[in-house]
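# Topology and contacts: notes
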Amino acid sequence: MSCQCGSASKDERFVKIDQILDQNGRDESFLIQNLEQIQHILGYLPEDVQAYLAEAMGIPLSKVYGVVTFYSLFTTEPIGKHKISICLGTACYVKGAGEILAEFEKQLKIKVGETTPDGRFTLTACRCLGACGLAPVLNVNGKVFGRLTTDDIAGILAQFE
Amino acid sequence: MEMVTVTIDGVETQVPSDYTVLKAAQKAGVHIPTLCYLKDINQIGACRVCLVEIDRARGLQASCVYPVSEGLKIHTHTPAVLEARKAVVELLLSNHPQDCLTCIRNTTCELQALAQQMGIDHVRFTGERKEYPIDFSSPSVQRDASKCILCRRCVAVCNQVQNVGVLGLINRGFESIVGPAFHRGLGEVNCTNCGQCINVCPVGALKEVDHTERVWKALADPSKHVIVQTAPSIRAGLGEEFGLPIGTPVTGKMVAALRRLGFAKVFDTDFTADLTIMEEGNELLHRIGTGGKLPLITSCSPGWVKFCEHNYPDFIENLSSAKSPQAMFGALAKTYYAENNNIDPATIYSVSAMPCTAKKFECARPEMEASGYPDVDAVITTRELARMIKKAGIDFLNLPDEDFDKSMGASTGAGVIFGATGGVMEAALRTVYEVISGETLQNVEFNAVRGMEGIKEAAVNIPGFGEVRVAVAHGLQNAADLLDRIRSGEGDYHFIEIMACPGGCVGGGGQPIVSGPMRLTLPEDYQALRHKAIYTVDRDKTLRKSHENPEVIEIYEKYLGKPLGEKSHHLLHTKYTKRPKYSVEIPDQPEK
Ligand code: SF4
Ligand code: SF4
Ligand code: SF4
Ligand code: FES
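Computed from a predicted structure; not experimentally measured.

Turning next to the overall build of chain A. Within chain A one finds seven helices and four strands. Ordered by position in the sequence, the α and β elements of chain A form the string α-α-α-α-β-α-α-β-β-β-α. For a compact globule of 161 residues, the expected C-alpha radius of gyration is about 15 Å, and chain A comes in at 19 Å, more than 25% above that figure. Burial statistics for chain A: of 161 residues in total, 44% are counted as buried. Across chain A, every contact between residues at least 6 apart in sequence was considered, and the portion connecting residues at least 24 apart equals 59%. For chain A, the computed accessible surface area is about 8500 Å², with 53% contributed by carbon and sulfur atoms. Each charge sign in chain A was given a centre, from 15 positive and 19 negative side chains, and these centres are 7 Å apart.

Shown next as structure tokens:
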């Protein structure tokens, strides 16, 4: 539904999207490029942004959503400032990565794949980080932490504002 | 077209150079199985059921997308081909709930037919099976994604034929699923309820929302007076469900079957189709005379009306305020009919048999309570009616021909042709011509508005008025094209007919399903074949103009007064609502 409030107070996100579209073009062939740049600015692709883009480009929303869900580079959930990736590869799993993950979920009060409401952390799981010697292992923003126990977690979180 | 010579299974044959291998084989009388392919609609080479061996090509090729060329040698049933096709179907079955016994498409399912044809007696592969909840959100279409084989025929029809585009392919690989964006239900998005997706689905993943249970219940309830109205297109399609060739009219047997099912009265929606012409025709004259909003656009196709409300709200004022024939019938059943026959309207149970899934939505619109009760209590599609007849054990083909009941059962040829694209227009012209000119129309057949062309135009000279310019569109993509033309200032029409379904109601989303392989063998579009039934019934009628319908004349004399009068206004006219295009709110686009 269109909003009745006039473009003066148009949500800033959409003003930026208009600029991207003016620059790249609204033809269907620019869909992926437009999505990439919008995600770059907003961090993710929420529903209203996808619908707005579909309307602006004159393509069905189902198609936009199809492309967004086809490529793993697109995300429809906000990504936190810090991304925690917990390795659930075999070696880590055997050494208790499951409990580590559960502890993070407990302390952050979110499930794997989600972001804390304050936008500080996103919790994800991954397959083998290639550091099996340090199992169980995780990385935060690329920084690796190994030989973890559940007691280490509060300390790790405290390092990231 | 240039011809090329190809050899299919050792037999040389000449085919046009733009043919695919599948089409060439078809022409040569060789049957290649298909699943995702659907003539004129979906040609994406996705399922690989149609594999063949081609001398020049490495590996097996999907014949539905492989173009012919001079000297091509094709083998359609080598051991490698047969084994590969079988493996393809087995893989589909390994991720498929094999619920055939309780499935709506049992014995009419294309996947089931393939499994049988390929002699699959067990499935060698086992693996994880995808299970999804059933989507019950729509009043018209029920979607069971667990049975979906991802052929994308529904995606093609919803996007390209209907220009609605609510169905799409989501995710990738094993996670793939076909459905609306954000995994919403069909009832939560701008689906038009047209049901065209049901008509193309090869399996039981899409079906109409069932109303037969409530009808059985009403029929068994002695306190209920159960009546039925039947839309014009039902009689042109119902026979197919009993093995008759496409295009066989079965009006008399249909009436007989409905009586045997236990309906107290069997009425004809054609009666209110004639009434629609009286109201809509007069509305046209009124708008022309008073400088009202033109072009006037028909409103009898609820799929089209919803499409307009979501996507072309700037045309809502152009929509005729006249209700659809089903809705008019509903409003009169519990008023006019009840009063005339001293029946308490509260005890009347009003059923409509329609070729249309969108009519299930229409009957639930809030404006459909003009009588003070739900005007229509249940809507069954042609397919549901056939199921009821079969369930009751009625020997349809050997029924005698019977007539509709009186008082709301008389109809003219004009009412009948409502079922075909161009029919409402033709019916309106027959009446408007005579009303304006006061002269008798010599040739009542307006061929310019008949046929399967997507957008048809005509100009009719009416003595005493001048030229009336009309246009007809069927299928929502054509409708959108026509409206875009008008938006851009092209095309200056007085009157436009739009039907949501290709071919008009005969091609409705509730009509018998014509399978993919069947479509490939038909000499013409199945809708065109059904048109023949409609026009035959029209030709055989003595009365062919709505204003000559004696029961229509009677209802105006005794009950309604005059077209567009106060009573008509209350019972037979309605309003439309702007609806959002998206399931989330978005701001306006910048001014161009
Ligand atoms: S969709 Fe076809 S194969 Fe699947 S359960 Fe239904 S009838 Fe059987
Ligand atoms: S009913 Fe029509 S509009 Fe709705 S999903 Fe099916 S084809 Fe699309
Ligand atoms: S719902 Fe039916 S038509 Fe659509 S992709 Fe699935 S199987 Fe094919
Ligand atoms: S690939 Fe040809 S029918 Fe599916």
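This next bit is on the sheet that holds strand 5 (residues 73-75) of chain B. Residue and element names in this part refer to chain B. Here we have five strands laid out as an open sheet, ordered 2-1-5-3-4, and mixed in their pairing. At either margin of the open sheet sits one strand with a lone partner, and together these are strand 2 (11-16) and strand 4 (61-62). In the sheet, strand 3 (residues 51-54) pairs with strand 5 via two bridges, with the strands oriented antiparallel. Bridged to Glu53 within strand 5 is His75. The strands that helix 2 (residues 79-94) touches are strand 3 and strand 5; relative to strand 3, the one it contacts most, it runs at about 155°.

Close to ligand 3 lie Cys148(B), Ile149(B), Leu150(B), Cys151(B), Arg152(B), Cys154(B), Val178(B), Cys201(B), Pro202(B), Val203(B), Ala205(B) and Leu206(B), which account for all nearby residues. Here the residues of the shell around ligand 3 are counted per class, giving 11 nonpolar, no polar and one charged.

Let's shift gears to the side chain of Asp270(B). Residue and element names in this part refer to chain B. The topology assignment puts Asp270 in helix 9 (residues 269-290). Looking at Asp270, the relative accessible area reads 0%, which means it is buried. Polar side-chain contacts of Asp270 include one of 3.0 Å to the side chain of Arg235. Not counting residues within four places of it along the chain, the set of residues in contact with Asp270 comprises Thr230, Ala231, Pro232, Arg235, Ser411, Gly415 and Val416.

A word on the site of ligand 1. Taken together, the neighbourhood of ligand 1 is formed by His96(B), Pro97(B), Asp99(B), Cys100(B), Cys103(B), Arg105(B), Asn106(B), Cys109(B), Val203(B) and Gly204(B). For the shell around ligand 1, the per-class residue count stands at five nonpolar, three polar and two charged.

Residues and elements named next belong to chain B. If you look at the biggest cluster of nonpolar residues, it comprises 63 residues, and the most contacted ones within it are Val89, Leu111 and Trp304. Put simply, the parts of the chain that give this core at least two residues each are helix 2, helix 3 (110-117), helix 4 (153-161), helix 5 (196-200), helix 10 (302-311), strand 16 (466-474), helix 16 (476-487) and strand 17 (495-499). Among the elements that take part in this core, helix 16 stands out by supplying six residues, more than any other. When residues of this core are assigned to domains, at least three map to each of domain 1 (3-93) and domain 2 (212-572). Apart from residues lying up to four places away in sequence, Leu111 is in contact with Leu35, Val89, Leu92, Leu93, His96, Ile149, Pro202 and Val203. By size, the runner-up hydrophobic cluster in this structure holds 39 residues, among which are Ile234, Phe242, Val255 and Met354.

Moving on to the pairing of strand 14 (residues 378-381) of chain B. Remember that side chains alternate between the two faces of the sheet whenever the strand is regular. All names here are of chain B. Alternating positions in strand 14 separate into two faces, Ala378 and Ile380 on one and Val379 and Thr381 on the other, with burial throughout. Pairing of strand 13 (residues 348-354) with strand 14, which is carried by four bridges, proceeds in the parallel orientation. For Ala353, the partnering residue across the bridge sits in strand 14 and is Ile380.

This next bit is on helix 19 (residues 550-560) of chain B. All names here are of chain B. Glu551, Val552, Ile555, Tyr556, Tyr559 and Leu560 are the residues of helix 19 that are buried. One side of helix 19 holds all its buried residues, which, seen down the axis, span an arc of 140°. Exposed positions of helix 19 whose direction lies more than 90 degrees from the buried face are Glu557 and Lys558. Those residues of helix 19 that are buried lie in contact with helix 9, helix 11 (325-340) and helix 20 (566-572).

Here we take up the domain arrangement of chain B. All names here are of chain B. With domains assigned, chain B is organised as domain 1 (3-93) and domain 2 (212-572). Taking the mean C-alpha position of each, domain 1 and domain 2 sit 42 Å from one another. Contact residues are listed per partner, giving nine residues for domain 1 and six residues for domain 2. When residues of domain 1 are sorted by the area they lose upon contact with domain 2, Gln26, Leu38 and Lys39 head the list and together hold 60% of the total. Run the count over domain 1 and domain 2 and you get zero salt bridges. If you look at where domain 1 meets domain 2, you find zero residue pairs in polar contact (both at pLDDT 80 or more).

Residue and element names in this part refer to chain B. Inspection of the secondary structure assignment puts Arg365 in the loop between helix 12 (358-362) and strand 14. Classification of Arg365 by relative accessible area gives buried; the value is 8%. Ignoring any residue separated from it by four or fewer positions in sequence, one finds Arg365 in contact with Val305, Glu309, Lys575, Tyr576, Thr577 and Arg579.

Before going further, it helps to spend a moment on the interface of chain A and chain B. At the interface, 23 residues of chain A touch 23 residues of chain B. Buried area between chain A and chain B, summed over both chains or domains, comes out near 2300 Å², and the portion from carbon and sulfur atoms is 59%. Seen at the junction of chain A and chain B, the total is two salt bridges. Salt-bridge contacts for Glu47(A) lead to Arg184(B); the nearest nitrogen and oxygen are separated by 2.8 Å. Inspection of the chain A/chain B interface yields nine residue pairs in polar contact (both at pLDDT 80 or more). Listed by contribution, the elements that provide at least two residues to the side of chain A that touches chain B are helix 1 (12-24), helix 3 (47-57) and helix 4 (61-70) of chain A. The leading source of residues in the side of chain A that touches chain B is helix 3 of chain A, at eight residues. Taken together, the residues of the side of chain A that touches chain B break down into 12 nonpolar, five polar and six charged.

Calculation notes
Residues numbered from 1 in each chain as written. Chains lettered and ligands numbered in written order. Predicted model: local features only at pLDDT ≥ 70, side-chain atom pairs only at ≥ 80, totals over all residues. Heavy atoms only, no water. Helix = DSSP H or I, 4+ residues; strand = E, 2+ residues; numbered from the N terminus. Rg over C-alpha atoms; globule rule 2.2 N^0.38 Å. Buried < 20%, exposed > 50% of the residue type's maximum accessible area, 1.4 Å probe, protein only. Contact = heavy atoms within 4.5 Å. Areas by Shrake-Rupley, 256 points an atom, 1.4 Å probe, with all protein chains shown as cover. Lys, Arg positive; Asp, Glu negative; His and termini not counted. Charge placed at Lys NZ, Arg CZ, Asp CG, Glu CD. Pairing = 2+ DSSP bridges. Axes fitted to C-alpha atoms, helices over the stretch in contact; angles between N-to-C directions. Near = heavy atom within 4 Å. Nonpolar A, V, L, I, M, F, W, Y, C, P; charged D, E, K, R; others polar. Polar contact = N/O pair within 3.5 Å; in protein donor to acceptor, adjacent residues only side chain to side chain. Core = buried A, V, L, I, M, F, W, Y, C linked by side-chain atoms within 4.5 Å. Domains from an automatic or database assignment. Arc of directions from axis to C-beta. Buried area = accessible area lost by both parts, 1.4 Å probe. Salt bridge = Lys/Arg side-chain N within 4 Å of Asp/Glu carboxyl O.

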